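# Fold and contact review
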Amino acid sequence: DVGFLNIDAESYDYYILKSIDFNKVRPQVISYERANMTHEEYHEIQTMLFNLNYERGFHPDWYNVVDEDFLSEIWVYKNVR
């Protein structure tokens, strides 16, 4: 089980997220940096996480911890409530 996955890989966050087999591992919370993603990559990751039943930025026990500059994002798996 993975409770919290934090990715900060200096421009490789997109590739790491795309490489995760979510059939084998389903982190409860995912944090990644979107600063160096293209608009298309960012949209693809948002769509992927949404389709995997994640929601952006809030969980009653985790609060909204998205950076004020919006360079990082938190996604929470809906089934952990």
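Check the entry above for the structure.
Residues numbered from 1 in each chain as written. Predicted model: local features only at pLDDT ≥ 70, side-chain atom pairs only at ≥ 80, totals over all residues. Heavy atoms only, no water.

Right, let's get into the overall build of the protein chain. A tally of helices and strands in the protein chain yields two helices and four strands. For the protein chain, buried positions account for 35% of its 81 residues. Taking as baseline every contact in the protein chain between residues at least 6 positions apart, the subset at least 24 positions apart corresponds to 59%. As presented, the protein chain carries roughly 5300 Å² of accessible surface, and 49% of it is formed by carbon and sulfur atoms. (Helix = DSSP H or I, 4+ residues; strand = E, 2+ residues; numbered from the N terminus. Buried < 20%, exposed > 50% of the residue type's maximum accessible area, 1.4 Å probe, protein only. Contact = heavy atoms within 4.5 Å. Areas by Shrake-Rupley, 256 points an atom, 1.4 Å probe, with all protein chains shown as cover.)

On to the nonpolar core. In terms of nonpolar packing, the biggest core is built from 16 residues, with Leu17, Phe22, Tyr32, Ile45, Leu49 and Tyr54 touching the most fellow members. Elements with a contribution of two residues or more to this core: α1 (13-19), β2 (29-33), α2 (39-51) and β4 (72-77). Broken down by element, the residue count for this core peaks at four residues, all from α2. Not counting residues within four places of it along the chain, the set of residues in contact with isoleucine 45 comprises Tyr14, Leu17, Lys18, Tyr32 and Met37. (Core = buried A, V, L, I, M, F, W, Y, C linked by side-chain atoms within 4.5 Å.)

Here four strands make up an open sheet; going across it, the order is β1-β2-β4-β3 and the pairing mixed. Pairing within the sheet leaves two strands with one partner each, and these edge strands are β1 (4-7) and β3 (54-56). Here the strands of the sheet are splayed against their neighbours by 20° on average, with no regard to which way each runs. Bridge count for β2 against β4 is five bridges, and the pairing is antiparallel. Looking across to β4, one finds that valine 29 is bridged to valine 76. Each of β2, β3 and β4 touches α2; the most contacted strand, β4, lies at about 20° to it. (Pairing = 2+ DSSP bridges. Axes fitted to C-alpha atoms, helices over the stretch in contact; angles between N-to-C directions.)

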